[in-house]
Structure formats: C-alpha cells, structure tokens
Number of protein chains: 2
Amino acid sequence: MATVSLRDLLFSSLLSKVFLPPRAGIYFGPIRSRSIGYRRNFFPLKSCGERKLSTTHSSEAKCWRGDYAQLEKADIEALAKLADVSKPTALPSKRSETSSVCITSADQLRSYNTDWTGQFHGNSQLCLRPSNAEAVAAILSYCNQKKLAVTPQGGNTGLVGGSVPVFDEIILSMSRMNRILEMDEEHGIVTVEAGVPLSRVDSFCRERGFSFPLDLGAKDSCQIGGNLATNAGGSRYIRYGSLHGTVLGLEVVLADGTVLDLGSGKRIRKDNTGYDLKHLFIGSEGTLGVITKATFACYPAPLGTQAAFVGITGDFARVRHWLLDARRDLAEHLRAFEVMDAEAMMLHRSYSRGFRDPFREPHSFYILIETSTGITAERAASTPLETWLEKMIRSHERSDVIIAQDLTQSAQFWQLRESLPEMVRQSGPSVLKYDLSLPLTVFYDIVEVTRERLRQEALDAHVYAWGHVADGNLHLNISGTAPKAILHAALEPWLYEWTLQHGGSCSAEHGIGLLKSHLLARSKGTVTLGIMERLKAVMDPNGILNPYKLFKTCSRAE
Amino acid sequence: MATVSLRDLLFSSLLSKVFLPPRAGIYFGPIRSRSIGYRRNFFPLKSCGERKLSTTHSSEAKCWRGDYAQLEKADIEALAKLADVSKPTALPSKRSETSSVCITSADQLRSYNTDWTGQFHGNSQLCLRPSNAEAVAAILSYCNQKKLAVTPQGGNTGLVGGSVPVFDEIILSMSRMNRILEMDEEHGIVTVEAGVPLSRVDSFCRERGFSFPLDLGAKDSCQIGGNLATNAGGSRYIRYGSLHGTVLGLEVVLADGTVLDLGSGKRIRKDNTGYDLKHLFIGSEGTLGVITKATFACYPAPLGTQAAFVGITGDFARVRHWLLDARRDLAEHLRAFEVMDAEAMMLHRSYSRGFRDPFREPHSFYILIETSTGITAERAASTPLETWLEKMIRSHERSDVIIAQDLTQSAQFWQLRESLPEMVRQSGPSVLKYDLSLPLTVFYDIVEVTRERLRQEALDAHVYAWGHVADGNLHLNISGTAPKAILHAALEPWLYEWTLQHGGSCSAEHGIGLLKSHLLARSKGTVTLGIMERLKAVMDPNGILNPYKLFKTCSRAE
C-alpha cells in the first residue's frame, strides 16, 4: 500500500459518496442537464508522484549528436531579442512562475529538459518562449541559418520522449502563445494559439454550449499544439473522430521561418483548392514545422449526457458483445465506451485508501459508457442509455450497472478511468507503458499472452489493461519489482512483433518520439519510410526541427 | 419550357403523389424503419441531356503540351500486356459494353476523352483498364521510364475537367477494379477497390445496417477512387465529416510504380507511427499517385431516419436562424440540412411537366432536413424532428413544413435536391457552375450581387442557388441565353475575387482540375503553392501523373 497523500484522501472520500453502500443491480438517476460534464483531475499529470521511476533512458550515451552548431553566448543574446516580440495580451502561463521569454538558468530549465515519465532528460541551455508566430519565425530562421537544433515543446506531457531535447537542442516552448483567439458560435468554429491548455479550450467551448472534439486525461497540462503534433486521440474519438477530420486550419512555421497559413481562422469547412497540407503537420511530432495556431470545428453540446459504469463477468468476448450492441443500438447517442480490466481496478483498491468496490462482487471487466440523452428524452419514459441497459442487463445475468445520478457521479466514473495512468505510476518501481492499436478479435489476447510470458520468465509483475476499446486502442501497462531493463528485455521486441503480426499498430495515439524510433521502419516499411524522409528533407532541409525523434537518427539508449 | 422526356414524366408523376393536394402547415407521418433510405437517381449523371452545352474549353489551342513522349505502336503493345494481368473475380463494369483491358478504337475512346460537363475533350489514343494494383504499377513504371503522360480516371463525373486528358495522355481507367473486398461488421470497416461506384458501396453497407460516410448526387456513376482523389464532400458531410476523418487506409501506386500500403485493409482506427501519408493523396486529383484501394470507417445506421421539406419566407437570415437552431436542438440527430432558393425551385416548375408546388404559396427558400429518430423515439410522443419542427413552426408563421410519411416520400424530397444539377443543365444553352465555400454571414450575398451584376450588364440569365448550407458550401449556377463566353467575361474573375475577399474558397468540393488551375496561386498564395510543387516533385519527378491539372502548366482556353 502506498503512503497516504492528500490526493488519496480526496479521491477516496469522493468515491465513497458514489459507492457507499455498494449494491449489485441497476441504479437509475436523473439526466444531467446540457453539459459535457466537468471532470476534475485530482492528479495533475504534470506532478511526478511520490516515487521516481528509474531512468533507463539517459540518452546521451548512445546517440550521435550530429553536426549541429554549438549554442554560443552571442546566439543566446540574438535569440532572446528575436523571441521578445511579446504581445501584452498573452495570459500568464500557469505552468511557470516566471513569464520570461528567455530561460537560461539551470534550475528553471530542469522541468523543460525532463519529460513527464521521468525517463528522458535533455541538456538544453536555452528555452525560448515567444508569444507570437512572427517571433517563432524569427527564431527558426536564425537557428536554420546557424544550424542550431530546436525542440518544440507544448505541455510536455507526452509519453515517448518527443518533447524534450536529447542533447543541447534549444527548447521552443509554446506556453506563452496561450490565447483563445476567437469562437464563432454560428459556424461552430474555434481558433486558438498552440500553447493553450486543452482543458481551457474545452471549458471555453462548454460554457458556450459546444463540445470540443478532443478530450484526454492530461487535459489540464497538455497544449493544443502538442495535441496536434502528436495527433492525440482520447476519449471523444469515438464520437468526433480523428483530428484530421475536426481541424479546419493551421498556422505553421517552417524550419526556415516561413509562416504557412493553412486555413487557420477561416469560417469555412470545405476547401478543395490543392493539396491539404495541414494534414502533414498533424502527427508529425514537431519534425516538419511548428504549429502556432489552429482552427477547429466544435459541435453543439448534446442536450444532456448520461454515464454508466458496468461490471462484466466472463471473458473479453462479452465486452466485444456489449460494444457491438452499444454501437448498433445507441448509434448516434454513444459518446464514450472505455474499458478497464479487473487488474486495473485493483490499482484503485491498492492505491486509493478507503476505496470500496463499486459492485458487490468483482468483475472481469469494467466499462464506462457515456451517451447523449437526445431531444425526445424528456418526453420518453427512459433515456437511450437506460433503455439500452435495461435490455442488456436482462440478457447478461452476471453484469452489474450503476447509472450516474448527477454530474458529480459522472465525473467520479471518469476519475476511475482517467486516474489510472497516475495510479500505475505509483505502483512501480518499474513501469512499462504500451499504447497499441489492435483488432478487437485479439484486443485482449495480448494482455493474456503478456501475463503468460512474464510468468514463464518468472518475473513478478502486474499487467494492467485499459483503453479506448471502441477505437481498438489498448493501454497496456506492466508494473513490477524487477529492474525495468529486465522487464524490458523480457517483453521487447516480442510484444511489438506480436502486435504487428496481428494487424495492430505499435503506437495508437502516443506517437513515436524517441522511445519508439527503432520501430518506425518495421511499422511503416522501408518504402514509406523513404518517402517520409524525403518529405522531411523538403520541409526541413537542415534537419533542425526536433532531431533524433521519429526517425532513427539516434538509437534508444537501453 | 423544355421538351417532355420520359424522365420528366416519371419525375412529375412521382412528385404529384407527394404534393397533391398541397396544403400549408405541418404534416406528420410514420417514422421510417432502420434504413438510410433509398434515393433513386432518375437522372443518371452520366447522360448528357437533350441539349449540348457549348464547348468553350477546347483546350488544345492554348496549352503547351510539354516534352512528354509520343505514344508509339510498340508502347501500346507493351502496355496492353502489362495491363492484362486480369483477375477473373472482377465484375463486369456497368459503364462500358466491353470488358476490354486495352481500348484503342476512336468510338470507344470518345466517352473516356470527354468529361461529364461536355466542356473538356482530350485526344487520347489509349485507355488502359487494369484490374489490380500490380498491373497499375507495371503500367506506371513503364510510362514513367518512357515519360508518357497518364490521366487517371474514375467515374469521370467531375465538374472541373480533372479526369479527362488535355492532349494525348494515356487514360488509366479504374473501372475494372470494382470489387468490394471486405466488410468487417464488428469493426465497422469496409475495404473496396478504387473503381467501385459509390452507390454500390453505399447499398452494400446499408444492407448490413451501416451508413457509408459519403453520399452525393453522382453516386451511381462516380467511383470511390475519384471521390477520394477529389476529396468529395456531399450531403453526409454534416454528419460524418471530411474523408480525411473517415478514410482509415489507402493503397496508392506512385508514378514510378511503387505500391504504397498506407493502412488499407487493416482493422484498426488509430495509427500514430510516422507521417500519415494517406492524407496527401486525398484531394490530390490524381497528381501524386493513383489510389487503388481504400478502407473506410462506416457507421451503424441510425434506428430510423425522418426527412422534412420546409418552405421559408423572408431573407436568408431566416435560413441561418433555422440552421443554428437545428444544430443546437437536433444536435446528434441532424443528418442533413440542404437549402435551395426560390429560383432553384423554379427549375422544377420549368422542367418537370406537371410539377405542382409542394406548398400553397411559394417561399424564398426551401430546406431539406433529415434526422435520425433515436433509440427512445418509439416510447416518445414524437420524434426529434417532429418535436423540433413543432417548436419552429410556432415561431415562424410564414413557414410551411411537410414531414415525409415514408421512405418513398423521403426519397422524393431528396430528388428535389439531387436532380437540380441535371435540371440546370437542361436550362441552358449557356450554363456556368460555381462551387464555393462561404461564411454563412455572406453565404447568400453572393447570389444577390451576382444577380445585380448580370442585371447591370444587361444579360438575360437566371441565377440558381442551392447547396450544403450547413457546411457553408454553395452551388451557384448561372444559366442564360447569352453565349457562355459573354457570361463568363461578365462574372470572372470578379466572382472569385469576391469569394476570396469574403473569406471563402473558390472550390469547396469539386477541386481545381483544369478549369480552376488559374485560381490556385491566388487561393493558396505563392509560398504554399511552392511547397505543393516540391511535394509533387518528390512523388512524381517526371510529372507524368495527370499533367496540366491543378498546377497552371496549361492555361485555361477562354
């Protein structure tokens, strides 16, 4: 059991309101009013938790730095001037105590040099925090001419080491470009700067009766630019789909300082004049250009939403059955369908003091479902979710259902799901995280074969599984007492090979970064990789943007 | 009044069933069962209509052919062999009487050389119709080495001259690659070859309880590959969004014969391993590669759908009000919101013999709305659409509403909208068609200023307007007795300048092709255009793929 923290207490006391007394069966509650629901993050994803993860990825040893220029004092002076074209309208960034445009002190640089997982540490001597695209352009133009390497950085919440320097790259932080520029309610379009935290855009839209198309656990810390650069998925993917479908325009600064206006700030949804270049930058992990502004479609919030937490006993085929049925019957009402397995629920039992099981007896799987209630709900005897759950519970005797009675309860269901990454971080000391796409036919098989493999290797480790099952996106987490390198050697590359052989992807939504750059050629094939490299050469001929990431110019230190 | 055709009679007799006797007010009907509805095209878009449009775009005169090789007899023999790696499973193509792999006869080549609008005529001596990607690769590899130009062709239903040769390019028809390869119902994923007509995929999905994400008027003739190459929009865009969001994978053959597998046939939705190259090809109009296979997400069909036809009196602000309200109140139920103006409805009066107005009195605008009925509809007193229309009709006294009573009536509403392109073609002799994106604030202003401009120029012409108003996509049609060149001179470039100055796009969904290549630089700016050209050079260094299109290598003959 972990030591008790204020967060544990807060979390457990809230949970007890929901789950005391726990009763099996189906529970009804009122429909919540027009809102997507307010989900508090009790565990800010930026915090590092009580226990430090072991840092096996001190990357300096095995990488080749390349022939980038060394940063000199004159460069710092010149760049500080170029960066400081500040606009007084920029809001103070929550993240940093300072509003400095140019950071050079070792103390202040530490958090910019270290990634969220604590695995990756850079050694940058300079972090620039410009407040507009012109300053970004001036900085990049200077760096491109001098061949100084640059690491663009958003909220630094990525899990694959993509947002921190490997050596002494200049950090280009977007955190001062944090303005929501405009919302056009008639067109359902919002335009923001790249450094706005996701939760702020989300709240901004919600207050105006709209759903922002993206939501994810790190929302309080992650930034829109980083979300775009990593093509973030998250829990609304099931409803609004990929960012490639919901981003209407971008402003991007290329390595040579060229500012590309790719439809940002426009009030149109369709534009078939030539290649749609914005898609190249979505998911390019800062290697093709720096996103400075983005325009999104946002959607009218449903009249009401309702969440339920379901316990399912049996094998994974039952989850697939529930999902298939939900997709068909709930159709346009379905807004979320998240799964966690019994082991993942065990994390709550182990790390939330006073946690009481939501159901009388434990189940094999737990599903969090969220639906919209629809325009006719107030005239009907029951909501779409209630109608559907009534049907499902009749044919699945060993299933339990709790329907959220209000917004608070709904938020608590979401906490059960969204606090898992932080919980698993506490569970260490050694934690390996995998973010896989898999066909549903083998979605949970990999969890079972991973457990079996660890048993065979006589390694004492837990395998926790959760994810956006409706999108085929599994978050597989291995946590054990053995040194991380031992766990790693037991599972890789076997686990990735298994994934690829079963038609999956080695990175569903976290990207490649530094951690997975050795997997890119195997994932894409050499032909596609060759084209990617040629596109990179077109956009960034000197290779100054986020070097060592994505492409295997720097092998992972292991 | 046009001469009476069989189609006119059929259309008018069907309409009379719906609209006789016409009554103002609100009409209720039963919810239709689980189906997206079957919309027959009485006017196949491939047919040329009774009157030929004048052909002002005989492009040979003013274009520079470039230094592409001349096709020789030995090339034809070699290419015929490379193309003929046929698979016996390929279905006979509806379009051509022959199942020939290699077409060289002038008679048979005529339809491949002429575009749907009748404006563009090529002079190709060879059409190849391979039945698999390997044959496409072999053909392109040969052509690339010999520097023979190639025009990829789908259903040849485009409106901007993108799918026919300008000179003697070899036509690479996809019509024999017409197999639906696989549907995975659990994953909601369908994989098809590029030459499958849209309506066949649509029916295939519907029969299995799914909605295909794309629908448009030309669905019986257009092909999936062409839809992708032109980034087709259509009437389901409001519900399922852009193809960039719904295409999960592509197979593409590059100019040098390289076959790129960009996730086609996979059962996963998320893959963040490297640049997502498929997006480059969506909307590239056959200039970067030839799409041979595609995998789409398809969506569970709603439990029921319901359509209504609304007449609105007053200015366009009222349409905007109805749209805004529909978006908010109908939210996830809204599946279509199409507008046509009073002039467009006049087309029906003029060209459908026996047509009776749906409402007692004419209106300024007509809206076609389609909604899903939702899971709770059967328990509720009224459907979402009925509930909403009741509210709207109370506050808009001079509006009339008819709710479709069954699938047939719903299909007839759709005919009123989808037959407009064919009607305007009959209305000539001179017809100019514009496909614009515009902010809603100025969406209809352009119609009014265009009418005013024609009046000032003393030109006798009608301006018909309809479109996917919810997506800001206006189809503006000018039809008059003056020679087309006169109308053209009166409106261009003024109309496009007006569009760009008001934040619009000169091509919402039809693309650039040959017709609008002179607009690309003005639309994109020279910087973005320069990057497009560099990407083209990476993918197709010899420029053999669909030359003269998109880029202004061939000025439009005027």
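Everything numeric in this text was worked out from a predicted model, so none of it was measured.

## Structural notes on the overall build of chain A
In terms of helices and strands, chain A carries 19 helices and 19 strands. Contacts in chain A between residues far apart in sequence, at least 24 positions, make up 78% of those at least 6 positions apart. Accessible surface for chain A amounts to roughly 18,600 Å². Of this, 52% is attributable to carbon and sulfur atoms.

## Quick word on the nonpolar core
Residues Val190(A), Phe281(A), Phe296(A), Val190(B), Ile224(B), Phe281(B) and Phe296(B) are the most contacted members of the largest nonpolar core, which totals 90 residues. Setting aside chain neighbours within four positions, we find Ile224(B) in contact with Val192(B), Glu193(B), Ala194(B), Val196(B), Leu198(B), Val201(B), Phe212(B), Ala294(B) and Phe296(B). Listed in part, the 53 residues of the second largest apolar core include Ala308(A), Trp322(A), Phe337(A) and Ile367(A).

## Thoughts on the sheet that holds strand 4 (residues 150–153) of chain A
Residues and elements named next belong to chain A. In spatial order, the strands read 2-3-5-4; together these four strands make up an open sheet with mixed pairing. The open sheet terminates on both sides in strands that have one partner only, identified here as strand 2 (102–103) and strand 4. Sheet topology note: the strand 4/strand 5 (residues 170–173) ladder contains four bridges and is parallel. Pairing of Gln153 across the sheet is with Ser173, part of strand 5. Across the face of the sheet, helix 4 (residues 133–146) comes into contact with strand 3 (127–128), strand 4 and strand 5 while running at roughly 165 degrees to strand 5.

## Topic: the sheet that holds strand 9 (residues 247–253) of chain A
Residue and element names in this part refer to chain A. Reading across from one edge, 6-7-11-9-10 is the order of the five strands in this open sheet, with antiparallel pairing throughout. Either end of the sheet is taken by a strand with one partner, and the two such strands are strand 6 (180–184) and strand 10 (259–262). The average undirected angle you get between the axes of adjacent strands in this sheet is 10 degrees. Pairing of strand 9 with strand 10 involves three bridges; the strand directions are antiparallel. The residue bridging Glu251 from the neighbouring strand is Asp261, located in strand 10. This element, helix 4, spans strand 9, strand 10 and strand 11 (290–297) of the sheet and lies at about 45 degrees to strand 9.

## Examining the pattern of salt bridges
Where charged atoms from two side chains of opposite charge approach closely, those side chains can pair. Residues and elements named next belong to chain A. Summed over all chains, the structure comprises 56 salt bridges over all chains. For the salt bridge of Glu207 with Arg208, the shortest nitrogen-to-oxygen distance reads 3.7 Å. Accessibility expressed as a relative area gives 63% for Glu207, which makes it exposed. You can call Arg208 partly exposed: its relative accessible area is 29%. Between Glu251 and Lys293 there is a salt bridge, with the nearest N and O atoms lying 4.0 Å from each other. With Glu251 in strand 9 and Lys293 in strand 11, the pair connects residues that are 42 residues apart, well separated along the chain.

## Overview of the relation of the copies chain A and chain B
When chain A is brought onto chain B, the operation consists of a screw motion whose angular component is 180 degrees and whose axial shift is 0.0 Å, with 0.0 Å RMSD remaining. Here the copies are linked by what is in effect a two-fold axis. Nearest to the rotation axis, the C-alpha of Gly245(A) is located 1.9 Å from it, this being the minimum over chain A.

## Focus on the interface of chain A and chain B
Between chain A and chain B, the contact holds 95 residues from the first and 95 residues from the second. For the pair chain A and chain B, the summed buried surface comes to about 7,800 Å²; carbon and sulfur atoms form 57% of the total. For chain A, the biggest contributors to the area lost against chain B are Lys270(A), Asn272(A) and Tyr275(A); these three give 13% of the whole. On inspection of chain A and its partner chain B, the count reaches ten salt bridges. Here Asp271(B) ties to Lys524(A) by a salt bridge, and the two come within 3.9 Å at their closest N and O atoms.

## Quick word on the packing of aromatic side chains
Under the criterion given, the structure shown has 30 aromatic pairs over all chains. Residues Tyr68(A) and Tyr548(A) carry aromatic rings whose centres are separated by 6.3 Å and whose planes lie at 85 degrees to one another, so their mutual orientation is edge-to-face. Of the two residues, Tyr68(A) sits in the loop between strand 1 (26–27) and helix 2 (73–83) while Tyr548(A) sits in the segment after helix 19 (526–539), which places them 480 residues apart along the sequence. Pair check on accessibility: Tyr68(A) and Tyr548(A) agree, each one buried. Both rings, one in Phe365(A) and one in Tyr444(A), keep their centres 4.8 Å apart while their planes meet at 80 degrees; by these two values the pair is edge-to-face. Residue Phe365(A) is located in strand 15 (residues 365–372), and its partner Tyr444(A) is located in the loop between strand 17 (430–437) and helix 15 (445–456); the two are separated by 79 residues in the primary sequence. Exposure remark for Tyr444(A): the relative accessible area of 8% places this residue in the buried category. Lys270(A) extends its terminal NZ or CZ atom over the ring of Tyr237(B), reaching a point 4.9 Å from the ring centre. Taking the ring centre of Phe204(B) as reference, the NZ or CZ of Arg208(B) above it sits at 3.6 Å.

## Section: helix 12 (residues 384–395) of chain A
The α-helix advances 3.6 residues per turn, and as a result positions three or four apart in sequence lie on the same side. With twelve residues, helix 12 of chain A extends 17 Å from end C-alpha to end C-alpha; this agrees with the ideal 16 Å at 1.5 Å per step. When we look at burial in helix 12 of chain A, the residues that qualify are Pro384(A), Leu385(A), Glu386(A), Thr387(A), Trp388(A), Leu389(A), Met392(A) and Ile393(A).

## Looking at the environment of Glu457(B)
Residue and element names in this part refer to chain B. Checked against the element boundaries, Glu457 lands in the loop between helix 15 (445–456) and strand 18 (461–468). The partly exposed category is assigned to Glu457, whose relative accessible area is 43%. Separated by 30 residues in the primary sequence, Glu457 and Leu487 place their C-alpha atoms 9.3 Å from one another.

## Observations concerning the packing of helix 15 of chain A against helix 17 (residues 494–501) of chain A
Helix packing geometry: the angle between the two helix axes and the distance between the axes. All names here are of chain A. The N-to-C vectors of helix 15 and helix 17 enclose an angle of 150 degrees; their axes lie 11 Å apart at closest approach. Between helix 15 and helix 17, the angle is such that the two are roughly antiparallel. Relative to helix 17, helix 15 is oriented so that their crossing is right-handed. In contact with Asp445, Ile446, Val449, Thr450 and Arg453 of helix 15, helix 17 contributes Trp494, Leu495, Trp498 and Thr499. A per-class count over the contact of helix 15 with helix 17 returns five nonpolar, two polar and two charged.

## Examining unusual backbone geometry
Negative phi characterises most residues that are not glycine, and trans characterises most peptide bonds. The residue after Gly428(B), namely Pro429(B), is reached through a cis peptide bond having omega 10 degrees. Along the chain, the position of Pro429(B) falls in the loop between helix 14 (420–426) and strand 17 (430–437). Omega for the bond connecting Glu492(B) with Pro493(B) falls within 30 degrees of zero, at 0 degrees, which places this linkage in the cis form. Along the chain, Pro493(B) turns up in the loop between helix 16 (484–491) and helix 17 (494–501). At Lys147(A), a position not held by glycine, the phi torsion is positive, near 55 degrees. With respect to the helices and strands, Lys147(A) occurs in the loop between helix 4 and strand 4. The exposure class assigned to Lys147(A) is partly exposed, which follows from its relative accessible area of 26%. A positive phi angle, near 50 degrees, is found at Asn231(A), a position not held by glycine.

## Some remarks on the pairing of strand 7 (residues 189–193) of chain A
Residues and elements named next belong to chain A. Where burial is concerned, most of strand 7 is hidden: five out of the five residues are buried. Burial of strand 7 is two-sided: the residues Ile189, Thr191 and Glu193 facing one way and the residues Val190 and Val192 facing the other way are all buried. Direction of pairing for strand 6 relative to strand 7: antiparallel, over a ladder of four bridges. Across the sheet, Glu182 pairs through a bridge with Thr191, a residue of strand 7. Taking the residues that link successive antiparallel strands as the turn, the strand 6-strand 7 hairpin has four residues, and the phi of Gly188 there is positive, at about 65 degrees.

## Looking at helix 4 of chain A
All names here are of chain A. With 14 residues, helix 4 should reach 20 Å at 1.5 Å per residue; the first-to-last C-alpha distance of 20 Å fits that figure. What helix 4 keeps buried is the set Ala133, Ala135, Val136, Ala137, Ile139, Leu140, Tyr142, Cys143 and Asn144. Looking at the residues trailing helix 4, positive phi occurs at Lys147, about 55 degrees.

## So, the packing of helix 2 (residues 73–83) of chain B against helix 4 (residues 133–146) of chain B
Residue and element names in this part refer to chain B. For the pair helix 2 and helix 4, interaxial distance at closest approach is 8 Å and the crossing angle is 155 degrees. Classified by the angle between their axes, helix 2 and helix 4 sit roughly antiparallel to one another. Taken together, the residues of helix 4 that come into contact with helix 2 (itself represented by Ala74, Asp75, Ala78, Leu79, Leu82 and Ala83) are Ala135, Ala138, Ile139, Tyr142, Cys143 and Lys146. Here the residues of the contact of helix 2 with helix 4 sort into ten nonpolar, no polar and two charged.

Conventions adopted
Residues numbered from 1 in each chain as written. Chains lettered and ligands numbered in written order. Predicted model: local features only at pLDDT ≥ 70, side-chain atom pairs only at ≥ 80, totals over all residues. Heavy atoms only, no water. Helix = DSSP H or I, 4+ residues; strand = E, 2+ residues; numbered from the N terminus. Contact = heavy atoms within 4.5 Å. Areas by Shrake-Rupley, 256 points an atom, 1.4 Å probe, with all protein chains shown as cover. Core = buried A, V, L, I, M, F, W, Y, C linked by side-chain atoms within 4.5 Å. Buried < 20%, exposed > 50% of the residue type's maximum accessible area, 1.4 Å probe, protein only. Pairing = 2+ DSSP bridges. Axes fitted to C-alpha atoms, helices over the stretch in contact; angles between N-to-C directions. Salt bridge = Lys/Arg side-chain N within 4 Å of Asp/Glu carboxyl O. Least-squares fit on C-alpha atoms with pLDDT ≥ 70 in both. Buried area = accessible area lost by both parts, 1.4 Å probe. Phe/Tyr/Trp six-rings, centres within 6.5 Å; stacked < 30°, edge-to-face > 60°. Lys NZ or Arg CZ within 6 Å of the ring centre and 35° of its normal. Expected span 1.5 Å × (residues − 1). Parallel < 35°, antiparallel > 145°, perpendicular 65-115°, else oblique. Left-handed = near helix turned anticlockwise from the far one by under 90°. Nonpolar A, V, L, I, M, F, W, Y, C, P; charged D, E, K, R; others polar.

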